[in-house]
Amino acid sequence: MGTPKILEGRYQVDTLLGVGGQGRVFRGHDLVTKKPVAIKLMDVDQEDNPEAVGLFIQEGRLAARIRDPHLVSALHFGVSDGQRFIIYDYIPRVAPLTSYLDRGRADPVRVCDLALQILDALDTLHEAGVVHQDVSPANCLWRERESGRLEVFLADLGCAASRTPITGAPRRTDDPMGTAYFMAPEMWDGEGHDHRADLWSLGAVMYVLLTGCEVDRGTDDEPLEIPAPALLVPTIPPAISDAVMGALVSVELRYPSAVAMAEAVRAAS
């Protein structure tokens, strides 16, 4: 067994937790504080890609600057022996919401509770001038508390767009950057988008949790009208179905803010 990799003489890289588009995430520990951490290492073959490097730098800075109980926060980021890294808070026993989907359709009230937690995180991001741009089941981490309540954390600011320029980050574009089935229509159109795109994405996450089906918008040539969740699963309360559909509409009709969407979801549940 080889010698453990240690970053900046402080952060020891241990067990692989997952693989993403830009790198790998490991469980590790801080040799100074003796606490566990999550360590994201950028793939070294991405170093020659200025956009990838810029996105990684931006992710580290945004995750370190913006704090919320339902955001996965960064503790430190930098470069050690040519290896770019981000040190994140380690949250035990979490898994992506994609794993929760394996259980089948979720209880509607529980879906609303999860959505409200994510909306808290989105409100914090939006107030800071940041659009997440990739709200999807893979980027929502959940765990079950002893009380039985599910707790959820929004992760991965690798695709985020910041209103305030960040040194070293790529220029903001309107090119699609998120996860296909969870991207707002205006992101596909390339006509410009804002924080309301995140609300559409969260509506799509709620939709799949409630129905077990991803949102089907058809194609550019044959667009489809999205059926309300209650039409697919009649046991879903109409008020919750309507709250979800309030996010899955054209941008001018959509909730104007995360706070407004939270009010609708809270009233429905």
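These notes cover the structure that comes with them. (Residues numbered from 1 in each chain as written. Predicted model: local features only at pLDDT ≥ 70, side-chain atom pairs only at ≥ 80, totals over all residues. Heavy atoms only, no water.)

## As for the nonpolar core
If you look at the biggest cluster of nonpolar residues, it comprises 73 residues, and the most contacted ones within it are Leu-119, Leu-122, Leu-202, Leu-248 and Met-261. The biggest single contributor to this core is helix α5 (residues 196–211), with 11 residues. Those residues in contact with Met-261 that sit more than four places away from it in its chain are Leu-119, Leu-199, Leu-202, Gly-203, Met-206, Ala-247 and Tyr-255. The next biggest cluster of nonpolar side chains, apart from the first, holds nine residues, and it includes Tyr-11, Val-37, Ile-39 and Ile-87. (Core = buried A, V, L, I, M, F, W, Y, C linked by side-chain atoms within 4.5 Å. Buried < 20%, exposed > 50% of the residue type's maximum accessible area, 1.4 Å probe, protein only. Helix = DSSP H or I, 4+ residues; strand = E, 2+ residues; numbered from the N terminus. Contact = heavy atoms within 4.5 Å.)

## So, the pairing of strand β3 (residues 23–30)
As a general feature of sheets, a regular strand has side chains that alternate between the two faces. Sheet analysis places strand β2 (residues 11–19) next to β3, joined by seven bridges and oriented antiparallel. Residue Tyr-11 lies in a different strand from β3, and its bridge partner there is Asp-30. Where β3 and strand β4 (residues 36–42) come together, seven bridges link them in antiparallel fashion. Counterpart to Gly-28 in the pairing with β4 is Val-37. What sits between β3 and β4 in their antiparallel hairpin is a turn of five residues, with Lys-34 showing a positive phi close to 70°. (Pairing = 2+ DSSP bridges.)

## Structural notes on the packing of aromatic side chains
Evaluated as defined, the whole model comprises two aromatic pairs. Judged by centre distance (6.4 Å) and plane angle (50°), the ring pair of Tyr-11 and Phe-85 falls under tilted. Highlighted residues: Tyr-11 in strand β2 and Phe-85 in strand β6 (residues 83–89), separated in sequence by 74 residues. Like Tyr-11, the residue Phe-85 is buried in the burial classification. Taken together, a centroid distance of 4.9 Å and an interplanar angle of 75° make the contact between Tyr-100 and Trp-142 edge-to-face. With a gap of 42 residues between them, Tyr-100 in helix α2 (residues 97–100) and Trp-142 in strand β9 (residues 140–144) connect regions that are remote in the sequence. Since its relative accessible area comes to 5%, Tyr-100 is described here as buried. Between Arg-27 and the ring centre of Tyr-90, over which it is positioned, the NZ or CZ distance is 4.7 Å. (Phe/Tyr/Trp six-rings, centres within 6.5 Å; stacked < 30°, edge-to-face > 60°. Lys NZ or Arg CZ within 6 Å of the ring centre and 35° of its normal.)

## Brief notes about the sheet that holds β6
Either a parallel or an antiparallel arrangement is found when strands of a sheet pair, and the pairing is made through backbone hydrogen bonds. One open sheet accounts for six strands, arranged β1-β2-β3-β4-β6-β5; its pairing is antiparallel. Of all strands in the sheet, those bounded by a partner on one side alone are β1 (6–7) and β5 (74–80). Where β4 and β6 come together, five bridges link them in antiparallel fashion. Counted as the bridge partner of Val-37 is Asp-89 from β6. Across the sheet, helix α1 (residues 50–65) is in contact with β4, β5 and β6; its angle to β6 comes to roughly 25°. (Axes fitted to C-alpha atoms, helices over the stretch in contact; angles between N-to-C directions.)

## Let's talk about the environment of Trp-200
Mapped onto the fold, Trp-200 is located in helix α5. A residue is classified by how much of its surface remains accessible, and Trp-200, at 1% relative accessible area, is buried. Distance from Trp-200 to Ala-247, taken between C-alpha atoms, is 4.9 Å for residues 47 residues apart in sequence. Not counting the four nearest positions on each side in its chain, Trp-200 is found in contact with Tyr-181, Phe-182, Met-183, Ala-184, Pro-185, Val-215, Arg-217, Ile-226, Ala-247, Leu-248, Val-249 and Arg-254.

## Thoughts on the side chain of Asp-30
As for its placement among the helices and strands, Asp-30 is situated in strand β3. A residue is classified by how much of its surface remains accessible, and Asp-30, at 4% relative accessible area, is buried. Within the structure, the side chain of Asp-30 is placed 2.8 Å from the backbone nitrogen of Val-32, a separation counted as a polar contact. When sequence neighbours within four positions are dropped, the list of residues in contact with Asp-30 reads Arg-10, Tyr-11, Lys-35 and Val-37. (Polar contact = N/O pair within 3.5 Å; in protein donor to acceptor, adjacent residues only side chain to side chain.)

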